[in-house]
Every structure is written in structure tokens, then in C-alpha cells.
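What follows is the residue order along each chain.
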Amino acid sequence: MAMNHLCFADDLLMFCRGDLNSVKLMLEGFKVFSEATGLQVNPTKSSIYCCGMSSSIQTSIQQCSGFKLDFLPFRYLGVPISSKKLKASDCDLLVEKMVAKIKVWSSRHISFAGRMQLVNSVLMSICVYWGQIFLLPKRITQKITAICRSFLWFGTYDESRPGSVGWDQLCNHKDQGGLGFRNISLWNQAAVGKLAWAISENSITEALASTQWLTDPKYSIKNIYGGLCTQQPKVHWHRFVWNRFSVPKHRFTLWLALLDRLKTRVRLFKIGVGDDPSCAICGSVVETCSHLFFECTFSTDCLQLVLNWLGYTVTKTNLTQVFMWVRRYCKKEFRRKVIFTALAGLVYQIWKARNDVVWNHNVPTKQFILKTIQFDTRHRIQNLLGKTVRL
Ligand SMILES: [Zn+2]
């Protein structure tokens, strides 16, 4: 009789055919093991689970083994074991775990960049374990996505208002304009595919042999997931935004600015919020992203101050053009990264100044903005490199 088992720490699962003879043979086999090792089974902590068997056979197996009869699903290593497809209610624990984490974080003030990190590293990893074992029900993958989305944009777990950028776009790779989040549903398919691949390695049938990914000598979840995702055109500014030297919260604002998703007065006006679409700082032109970065006289002056500090004079007044200019004319990588760091800081400070005007009616001075950018840039780079950098 072929006998299969799973063993982890002091838990042991044994599987056999659902008839009395098979159970007897299995128990005899286990008795030999017990005599050889001295390890005894504890009947009070052991159970029998039966599927598709008549109650008379179940009773005789129970009497023969002395173990109590129990019912599926049960939990093994934290996940429910069942002979049927997983139901959404079986995965409630997964959702509860994510919500519990967010409830702890919600009491603290966390920036968008911090929340982005927490979604990617903590919330996503909670469902990775289950996602590699089961095909998660659609309702659960939707719920997980909704929780992550709500936390990223609003810092809570149950907000249904839309965020500034759609979830599908957030799941694009960073060089395609996204944040590199996982599309849970597609990643789950790729991860569970590895189990199918492992089974097919042992027993490949003719029908399966024609399926190329099942017959590949190596299975990579990452590659299969990449194949399942729809590839988007690359954006030319991703190195500018995701520059390692830049302060994370500056990167996030710069990313939103380049996607034109900052909640400028024009955008708010279009959806019926506010009655004045003009620039909060200068008040003379409508407030769009391209006006703020850097057509507005206030921001043009700040840009000149920052570039003069770095030893450049540029007359560009468009964020993308400034970035292209730096990429073309600044060949030294370190220097280029420093300029990108200062520019990301500038975009953040101008957006902050704009918000200051809207909420506190206070316009910071250009010199104050320059000094803040100088301080942030120096300290960030010195912290990262662990040495004094002259800027
Ligand atoms: Zn303006």
C-alpha cells in the first residue's frame, strides 16, 4: 500500500484509501514505526477525517483505530484543510489579520510613502503564504485589494472612495508608471501554478505534455506572473522619481505630479469641489500641475534658486523638460542623483507651500524653501552614504 504523510514539528498527517483494510495496514505500519522509535500516538489528540465514505465504514474505522471522528475543514500550519474548494468564509481569518494590522497603524500618522511601503512589505506578505497554497476565492482577492487600496490612500481599511490612481495602474511595474504592487489575483494564479507544475513533474500525461509551462525544467512564479500581467509602455521618468537618494515622501509627491494626479484646484473644481480654480499661490492663472511645476512665477524663482545652488542656470519651466535637461547635460551619475534629489524636494516643497496657502493662508519665503531643500538633500544623502558630503 502506498502511504503518504506530511510532517511538521510534532504534527503528523497520514493519508490512505477510504476502506477498513487500508486503515488497518496503515496503523500496522505506524506500529512498526512506534516500536522502532519509541514515539507513541496520543489518541486524545488524534482524529480521523473521512470523505466520500459510508457511515458504516466510518464507524468501523473509528472502532478499529480508537481515534475520534472529526470533520473537515481543520487547521494545519494556520491554513484550513478541506477536500472542497476554499470558500470565502474560510479566508475570513486572512482579512481579519490585515484589518488588525491596519488598526494598529491607523493610530499613527504615516505618510503616503510609508503606507506604500507597508502595503508592499506587510499587507501583501500576509496573503502570500495562503496565496501559494490555495487559489483564493475571487471575493477574497477583491476584498484584499480593497483593504490595501483604502489603506494606501486614506490610512484606514474600509474607505470606498476612489484613490488618486487606479489600483491596476499601481500594480504596474515602476518603470511603467506604477508602484510595483502585486495584482493579488494574477499572482495567486502564478503561485498555485507552481503546485500544478510540481505534480506534473512526477506524472506528466499526454494531454499535459503539450502545455509548455508545465513541461519547463524550472518554474518561476515571478516569470509566470510577469507573463500574466498586461505590459504597459515604459515611462521615461522612472529613474528620476525612484532615485535612491530622494526622500521617500518627496518621491511619492513627484510621482503623483508626473502622473498629473495631484489634487490641484482645477481637478477639484472639475468634480465640484471649491469655486475657484485659480493658483493658490499667485492667483493669476488656473492651478494645474504644469502651472505649479514650474510656470508659476513663485515656483520658477524657487527652481532658479535651487539650480543656482547646484551651479546651473536653466530656463526651462516644465518638470519633464528640466528632468530631460539634467539627464542630457549631467553625465556624472552621483551629481545627477543629487540634482534629482533636490528637484524631488522642490516639487514636494512647492506642493506643501501651495497647501499652506490653501489651509493657513501663509506663503513661505523662497529662501525658506531653498534652505529646507538644502537641509533635506544634505541630510538624506549623508545618512544614506554614512559620510560627510559637500553640497
Ligand atoms: Zn501660480
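Residues numbered from 1 in each chain as written. Predicted model: local features only at pLDDT ≥ 70, side-chain atom pairs only at ≥ 80, totals over all residues.

Topic: the domain arrangement of the chain
Partitioning the chain into structural domains gives domain 1 (4-71), domain 2 (75-235) and domain 3 (238-385). Inter-centroid distance (C-alpha atoms) of domain 2 to domain 3 is 34 Å. Across the boundary between the two partners, domain 2 contributes 10 residues, which contact 9 residues of domain 3. (Domains from an automatic or database assignment. Contact = placed C-beta atoms within 7 Å.)

Things to note about helix α1 (residues 20-37)
Between its first and last C-alpha atoms α1 spans 26 Å; for 18 residues at 1.5 Å apiece the expected length is 26 Å, and the two agree. One or two residues past the end of α1 sits Gly 38, with phi positive at roughly 80°. (Helix = DSSP H or I, 4+ residues; strand = E, 2+ residues; numbered from the N terminus. Expected span 1.5 Å × (residues − 1).)

As for helix α4 (residues 112-131)
Along its length, α4 reaches its greatest deviation from straightness, about 40°, at Ser 125. Of all the positions in α4, only Arg 115, Met 116, Val 119, Leu 123, Cys 127, Trp 130 and Gly 131 are classed as buried. Looking at the buried residues of α4, the elements they touch are β6 (79-81), α3 (92-106), α5 (138-154), α7 (184-202) and α12 (248-258). (Bend = angle between axes of the 7 residues up to and from the residue. Buried ≥ 20, exposed ≤ 12 C-beta atoms within 10 Å, placed from the backbone.)

A look at the confidence of the model for the chain
Of the residues in the chain, 94% reach a pLDDT of 70 or more, and the chain-wide mean stands at 89. Within the chain, helix α8 (residues 206-209) has the poorest average pLDDT of any element, 58, and α12 the best, 96. (pLDDT = per-residue confidence, 0-100.)

Focus on the environment of Trp 255
Looking at the secondary structure, you find Trp 255 in helix α12. As a C-alpha pair, Trp 255 and Cys 148 span 107 residues in sequence and 19 Å in three-dimensional space.

With respect to the packing of α1 against helix α2 (residues 55-65)
As a packed pair, α1 and α2 sit with axes 10 Å apart at the nearest point and diverge in direction by 20°. Considering their axes alone, α1 and α2 lie roughly parallel with respect to each other. Two packed elements cross with a definite hand, and for α1 against α2 that hand is right-handed. For the pair α1 and α2, contact is made by Leu 20, Val 23, Lys 24 and Leu 27 and by Ile 57, Ser 60, Ile 61, Cys 64 and Ser 65, respectively. Here the residues of the contact of α1 with α2 sort into 6 nonpolar, 2 polar and 1 charged. (Axes fitted to C-alpha atoms, helices over the stretch in contact; angles between N-to-C directions. Parallel < 35°, antiparallel > 145°, perpendicular 65-115°, else oblique. Left-handed = near helix turned anticlockwise from the far one by under 90°. Nonpolar A, V, L, I, M, F, W, Y, C, P; charged D, E, K, R; others polar.)

Topic: the nonpolar core
In terms of nonpolar packing, the biggest core is built from 68 residues, with Leu 346 and Val 347 touching the most fellow members. Looking at this core, the element that brings in the most residues is helix α17 (residues 333-360), giving 12 residues. Sequence-distant contacts of Leu 346, defined by excluding residues within four places in its chain, comprise Cys 302, Leu 303, Val 306 and Ile 373. (Core = buried A, V, L, I, M, F, W, Y, C linked by C-beta atoms within 7 Å.)

Let's talk about the packing of α4 against α5
One way to put it is that α4 packs onto α5 with a least axis distance of 10 Å and a crossing angle of 160°. Here α5 runs roughly antiparallel to α4, going by the angle between their axes. Considering the relative orientation of α4 and α5, their crossing is right-handed. Seen from α4, the contacting residues are Arg 115, Met 116, Val 119, Leu 123 and Cys 127; seen from α5, they are Ile 144, Cys 148, Phe 151 and Leu 152.

Considering the environment of Ser 47
In this fold, Ser 47 is placed in strand β3 (residues 47-49). Overall, Ser 47 belongs to the partly exposed group, with 14 C-beta atoms counted inside 10 Å. Separated by 151 residues in sequence, Ser 47 and Ala 198 have C-alpha atoms that sit 29 Å apart. When neighbours within four sequence positions are excluded, Ser 47 is seen to be in contact with Phe 67, Lys 68 and Asp 70.

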